[in-house]
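# Summary of the model geometry
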Amino acid sequence: MEEKRQGEVGIIDKWLKKHLLMYMAATRHPMILSIRDGSINISCFKTWLGQDYLFVRALVPFVASVLIKAWNDSDDSNTDVEVILSGLASLKDEISWFQNEASNWGVQLSHIVAHKATGDYCRFLESLMLPEVEFTISITAYWAIEVVYQDAFTHCLEDDAKTPPELQETCQRWGNDEFGQYCQSLKKIANRRLEKCSDDLLVKAEATFLRVLEHEVQFWNMSAMVEPEDLASK
Ligand SMILES: Cc1ncc(CNC=O)c(N)n1
């Protein structure tokens, strides 16, 4: 039987256990904890909003490249393509949400300049878009990118969280059940590919997972910095 027996852990769960500290650094970053306990400085949130808008726009061609790889090499490409396509489609809605949210907070998106962490992360996405990067690697990266936000923002919506009301909608964007299900679908595709790939590819995929976590930590670190113009106005 090829099917995994119930209770048997997949490769990704083994990685999560092995790299728990790194995973927690990305999903329980001080910036997330400050949203959850209500102590967040709103100018950090605004920095994050503008920079994440740039990141999400760069995510579109990356997800499109994952889609093409699913179409070309997946062993179960019908369902894989459908899953990835729904993620790609929802990015359109997400970009509109950023534009609307930015206007509500008085953040001028046309004036946003990428900080180093944003540029580094976008260049990493570009490197993964190259045709020679295998589908197994790119779907693993895609799952990791999504699950960090899903896990982090779900944490901000728990019963005992003191997330400020004006940030709840943001947390809902990534902390809702449907997005949780979506991340599970990506995880299933990635696990299926990882179970049957070569040892060499498995090592590469694990390193890619860790690099996503590092970029996520750097991205939160950057967001937690207050913009110079915000300091000047205090
Ligand atoms: C830096 C970063 N990582 C992951 C996500 C979540 N994916 C799409 O929205 C995001 N928005 N930003």
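Note that this is a predicted model, so its numbers are computed, not measured.

Conventions used here
Residues numbered from 1 in each chain as written. Predicted model: local features only at pLDDT ≥ 70, side-chain atom pairs only at ≥ 80, totals over all residues. Helix = DSSP H or I, 4+ residues; strand = E, 2+ residues; numbered from the N terminus. Rg over C-alpha atoms; globule rule 2.2 N^0.38 Å. Buried ≥ 20, exposed ≤ 12 C-beta atoms within 10 Å, placed from the backbone. Contact = placed C-beta atoms within 7 Å. Near = placed C-beta within 6 Å. Nonpolar A, V, L, I, M, F, W, Y, C, P; charged D, E, K, R; others polar. Axes fitted to C-alpha atoms, helices over the stretch in contact; angles between N-to-C directions. Parallel < 35°, antiparallel > 145°, perpendicular 65-115°, else oblique. Left-handed = near helix turned anticlockwise from the far one by under 90°. Core = buried A, V, L, I, M, F, W, Y, C linked by C-beta atoms within 7 Å. pLDDT = per-residue confidence, 0-100.

Before going further, it helps to examine the overall build of the chain. Each helix and strand counted, the chain has 11 helices and zero strands in total. Shown N-terminal to C-terminal, the secondary structure of the chain runs as helices and strands in the order α-α-α-α-α-α-α-α-α-α-α. For the chain, whose C-alpha radius of gyration is 18 Å, the value lies close to the compact-globule estimate of 17 Å for 234 residues. A burial count over the chain gives 33% of its 234 residues as buried. Within the chain, contacts between residues at least 6 apart in sequence are counted, and of these 82% link residues at least 24 apart.

Moving on, we come to the site of the ligand. Close contacts around the ligand come from D52, F55, V56, L59, E94, I145, E146, V148, Y149, E216 and F219, and that covers them all. Secondary structure elements with two or more residues in the shell around the ligand: helix 4 (42-73), helix 7 (135-155) and helix 10 (199-223). Of the residues that constitute the shell around the ligand, the class distribution is seven nonpolar, no polar and four charged.

Turning next to the packing of helix 7 against helix 8 (residues 165-175). Put simply, helix 7 and helix 8 touch, their axes get as near as 7 Å, and they point 135° apart. In terms of their interaxial angle, helix 7 and helix 8 are classed as oblique. Considering only the axes of helix 7 and helix 8, their crossing is left-handed. Across the interface between the two elements, Y149, Q150, F153 and T154 of helix 7 pack against C171, W174 and G175 of helix 8. Of the residues contributing to the contact of helix 7 with helix 8, the split by class is four nonpolar, three polar and no charged.

Tracing the chain through its elements places C156 in the loop between helix 7 and helix 8. If sequence neighbours within four positions are ignored, C156 has contacts with I32, I35, R36, A161, T163, C171 and G175.

Turning our attention to the nonpolar core. Judged by nonpolar contacts, the single largest core of 51 residues is most densely connected at I139, Y142, W143 and A144. Considering each element in turn, this core owes the most residues, 13 residues, to helix 7. Apart from residues lying up to four places away in sequence, A144 is in contact with F209, V212 and L213.

Turning our attention to the environment of G180. Tracing the sequence through the fold places G180 in helix 9 (residues 177-195). Between the C-alpha atom of G180 and that of R36, which follows or precedes it by 144 residues, the distance is 19 Å. Residues contacting G180, with those up to four places away along its chain left out, are Q150 and T154.

This part is about the confidence of the model for the chain. Chain-level statistics for the chain give a pLDDT mean of 93 and a share of 91% at 70 or above. Reported confidences for the modelled complex are a pTM of 0.94 and an ipTM of 0.99.

For the pair helix 7 and helix 9, interaxial distance at closest approach is 9 Å and the crossing angle is 150°. In terms of orientation, helix 7 lies roughly antiparallel with respect to helix 9. Here helix 7 and helix 9 pass one another in a crossing that is left-handed. Across the interface between the two elements, F135, T136, I139, T140, Y142, W143, E146, V147, Q150 and T154 from helix 7 touch F179, G180, C183, L186, K187, I189, A190, R193 and L194 from helix 9.

Within the secondary structure layout, D120 lies in helix 6 (residues 116-129). Those residues in contact with D120 that lie beyond four places of it in its chain are H215 and Q218.

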